[in-house]
Amino acid sequence: MGEREDGVTMFGRRWGYVAMLVAVAALALGGCIPTGPTYPVDFYHEMHYTQMYRAYEPPRLAPPDEAVPTTGRAPRYTAAEAAQLRNPLQPTPANLERARALYRRDCATCHGAEGKGNGIISAYFQTARAPTPVDFASERVRNRTDGEVWHYIGQGIGLMPPFENLLGEEERWLLVLAIREMGGPGR
Ligand code: HEC
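Residues numbered from 1 in each chain as written. Predicted model: local features only at pLDDT ≥ 70, side-chain atom pairs only at ≥ 80, totals over all residues.

A.B. asks: Outline unusual backbone geometry, listing residues and values.
C.D. replies: Not every positive phi belongs to a glycine, and arginine 129 is a case in point at roughly 55°. In this fold, arginine 129 is placed in the loop between α5 (122-127) and α6 (139-142). Judged by the 7 C-beta atoms lying within 10 Å of it, arginine 129 falls in the exposed class. (Helix = DSSP H or I, 4+ residues; strand = E, 2+ residues; numbered from the N terminus. Buried ≥ 20, exposed ≤ 12 C-beta atoms within 10 Å, placed from the backbone.)

Quick look at the structure:
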């Protein structure tokens, strides 16, 4: 009886030592944390393999197939394609009021308060012998379709800067209304 009990105890103790050795070895291996992002032996993988993002990493998750962008860039048109576009806005008093305000803010410095191409910056173009801001009543602008005018406001032309990143699509259509109000109808 005594012997048997001893035997059981010996057996239990031996496994106890083994378990302790394994635990110490595991701690030793797992605990060796180098400066890198993972352990040399991947004993505790913790959260290293999650869908996390690192700094400056672009998103990796693909949008669902049926997703439709609600923000971002509008389609790019060539000048020929844009020429076919029609102004979706009507020259209502409210639209014209917004259009004139936009024009005063972004265009009048070059094109002049009445759109005659004689804004305060126009003189610098003359001094530099560069093509001056256009008169909206000129043949050049009257021979454009609304879509073309809209296109050049967005893309810029010559020394006129592109406005597509500053003005939304609708704002550029409003400006077409302002231009036609000042210079007369287009083609
Ligand atoms: C920095 C001065 C400047 C500003 C600001 C400017 N323009 Fe111009 N714009 C010009 C010049 C210069 C031209 C002629 C470019 C050329 O012929 O090379 C021009 C041309 C145009 C044309 C004629 C395009 C064509 O070929 O038919 C339109 C329309 C026009 N601008 C509208 C606008 C509108 C609308 C704004 C305000 C959002 C604006 N511009 C702001 C300088 C400017």
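There is more to say, and it comes next.
A.B. asks: Break down the site of the ligand for me, with residues and values.
C.D. replies: Around the ligand, the surrounding shell holds 24 residues, and the nearest of these are Cys107, Cys110, Pro131, Gly158 and Met160. Elements supplying a minimum of two residues to the shell around the ligand: α4 (108-111), α6, α7 (146-155) and α8 (169-183). (Near = placed C-beta within 6 Å.)

A.B. asks: Can you lay out the nonpolar core for me, pointing to particular residues and giving the numbers?
C.D. replies: If you look at the biggest cluster of nonpolar residues, it comprises 18 residues, and the most contacted ones within it are Ala99, Val149, Leu174, Leu175, Val176, Ala178 and Ile179. Secondary-structure elements contributing two or more residues to this core are α3 (93-106), α7 and α8. Ranked by residue count, the leading element in this core is α8, at eight residues. Excluding residues that lie within four positions of it along the chain, leucine 175 makes contacts with Ala99, Leu102, Tyr103, Cys107 and Ile153. (Core = buried A, V, L, I, M, F, W, Y, C linked by C-beta atoms within 7 Å. Contact = placed C-beta atoms within 7 Å.)

A.B. asks: An account of the environment of asparagine 143 is requested, with residue identities and associated values reported.
C.D. replies: Mapping asparagine 143 onto the fold places it in the loop between α6 and α7. Owing to 10 C-beta atoms within 10 Å, asparagine 143 belongs among the exposed residues under this scheme. Spatially, the C-alpha atoms of asparagine 143 and proline 185 are 9.1 Å apart, while their sequence positions differ by 42 residues.

A.B. asks: Mind laying out α7, listing which residues take part and the relevant values?
C.D. replies: Among the ten residues of α7, eight are classified as buried, and the element is accordingly described as predominantly covered. Looking at the packing, one finds that the buried side of α7 touches α2 (79-83), α6 and α8. Backbone geometry just after α7 places glycine 156 at a positive phi near 75°.

A.B. asks: Outline α8, supporting the account with residue identities and numerical values.
C.D. replies: Residues spaced three or four apart along an α-helix face the same direction, because each turn holds 3.6 residues. In a regular helix each residue adds 1.5 Å, so 15 residues correspond to 21 Å; α8 covers 21 Å between its end C-alpha atoms and thus fits that length. Considered for burial, the residues of α8 that qualify are Arg172, Trp173, Leu174, Leu175, Val176, Leu177, Ala178, Ile179, Arg180, Met182 and Gly183. Just downstream of α8 lies glycine 184, where phi reads positive at about 95°. (Expected span 1.5 Å × (residues − 1).)

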